[in-house]
Amino acid sequence: MKETKKTDPRILRTRQLIRDAFVQLLQERDIEKITVNSIAERATINRVTFYLHYRDIPDMLEKMADDMIEEIVQALNRSPVDDNAQDGGYWPKMVQFIEHIAEHAEFYKVILAVKRTPIFMERLLILVTDMMEENLEKEGNNSFISKAGIPTDIAMWYVSSALFGTIIGWLRNDMPYSPHYLAKQFYQLLPGKGDKG
C-alpha cells in the first residue's frame, strides 16, 4: 500500500506558480522556446527554486503530467460509484471527469486545445483507456461492444478519440454547455447507451 504523506503547502504553492507560469508561456510561444529562466521569471521565483523542484523542463513536464493524473483520479473518486448500476458506474465518472476539466479549464484549454502537449495527451489517453477497459470488464458479455462483435481495441480507439475531440471542441468554444449537459450528450452518443437525466 502506497504511503501518502502531506506535502508542505509552500511546496504546493511554488509548484502551482511554476505550472501557471508554464501554461501562460505556452500560450505565447512553442514549448521548445520555453526556458527555465523564462518560467522562473514568470513565476516570480529564482532558478535555484525551480531546480529544487525539477531537474529540468522534461522532468517538470513528467511531474506535472503525474500531478494531473493524480488530480483527475481524486476527482473521479470524490463520490462513491454504484458498481451495480446498469452502466457500471460509467455515467457518474464521465460527469466528474468533465467537471474536473471545467474547474481547470485554462490549463486544459492550453495543453489540449491551443498547444497540444503530447505528454499530457498521452497520459490522459492511458487513463481513459484504463477506465474503459475496467468498465468493459465489468459489463463482460453484456456490453454492446461484445454483443456487436467489435474488437475491444477498436472500440477504445473510437470512444477515446470521440471523447477528446468533444472535450477539445468544447474548450475551444469556451465551454458553451455545462459539464453535466456535455457528459449527457456524449453518453447518449455512445453505442448501446440509453437516456440519462
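Residues numbered from 1 in each chain as written. Predicted model: local features only at pLDDT ≥ 70, side-chain atom pairs only at ≥ 80, totals over all residues. Heavy atoms only, no water.

## A short note on the nonpolar core
Counting residues in hydrophobic clusters, the biggest one holds 59 residues, and the most contacted among them are Phe 22, Ile 39, Met 60, Phe 97, Tyr 108 and Phe 120. Taken together, the elements giving at least two residues each to this core come down to helix H1 (9–28), helix H2 (36–43), helix H4 (57–76), helix H5 (90–103), helix H6 (105–114), helix H7 (118–139), helix H9 (152–172) and helix H10 (179–189). Of the domains in this structure, domain 1 (1–54) and domain 2 (58–189) are the two that each give at least three residues to this core. Among all residues touching Met 60, those that are not within four sequence positions of it are Ile 18, Phe 22, Ile 39, Phe 50 and Tyr 54. (Core = buried A, V, L, I, M, F, W, Y, C linked by side-chain atoms within 4.5 Å. Buried < 20%, exposed > 50% of the residue type's maximum accessible area, 1.4 Å probe, protein only. Helix = DSSP H or I, 4+ residues; strand = E, 2+ residues; numbered from the N terminus. Domains from an automatic or database assignment. Contact = heavy atoms within 4.5 Å.)

## What to know about the packing of aromatic side chains
Per the counting criterion, the structure on display carries five aromatic pairs. Plain terms: the ring middles of Phe 107 and Tyr 108 are 5.1 Å apart, the flat faces sit at 80 degrees to each other, and that makes the pair edge-to-face. What links up through ring pairs into an aromatic cluster is the set Phe 50, Tyr 51 and Tyr 54. Positioned above the aromatic ring of Phe 107, the side-chain terminus of Arg 19 is 3.9 Å from the ring centre. (Phe/Tyr/Trp six-rings, centres within 6.5 Å; stacked < 30°, edge-to-face > 60°. Lys NZ or Arg CZ within 6 Å of the ring centre and 35° of its normal.)

## Here we look at the UniProt feature "transmembrane region" (unreviewed entry) in the protein
UniProt marks residues 154–171 with the feature "transmembrane region" (unreviewed entry), using the numbering shown here. What you have in residues 154–171 is 100% helix and 0% strand, and the ends, taken at the C-alpha atoms, are 26 Å apart. (UniProt positions renumbered as here; feature names shortened; annotations may be inferred.)

## Digging into the packing of H1 against H4
Running from N to C, H1 and H4 cross one another at 105 degrees; their axes reach a closest spacing of 12 Å. In terms of orientation, H1 and H4 fall into the roughly perpendicular class. Only Met 60, Leu 61, Met 64 and Glu 71 of H4 make contact with H1, whose side of the interface consists of Ile 18, Arg 19 and Phe 22. Residue composition of the contact of H1 with H4, grouped by class: five nonpolar, no polar and two charged. (Axes fitted to C-alpha atoms, helices over the stretch in contact; angles between N-to-C directions. Parallel < 35°, antiparallel > 145°, perpendicular 65-115°, else oblique. Nonpolar A, V, L, I, M, F, W, Y, C, P; charged D, E, K, R; others polar.)

## Details of H7
A turn of α-helix holds 3.6 residues, and therefore any two residues three or four places apart point the same way. When the terminal C-alpha atoms of H7 are compared, their 31 Å separation across 22 residues agrees well with the 32 Å that a helix rising 1.5 Å per residue should span. Every buried residue of H7 is listed here: Ile 119, Phe 120, Met 121, Arg 123, Leu 124, Leu 127, Val 128, Met 132, Asn 135, Leu 136 and Glu 139. In the stretch just after H7, Gly 140 is the one whose phi turns positive, near 55 degrees. (Expected span 1.5 Å × (residues − 1).)

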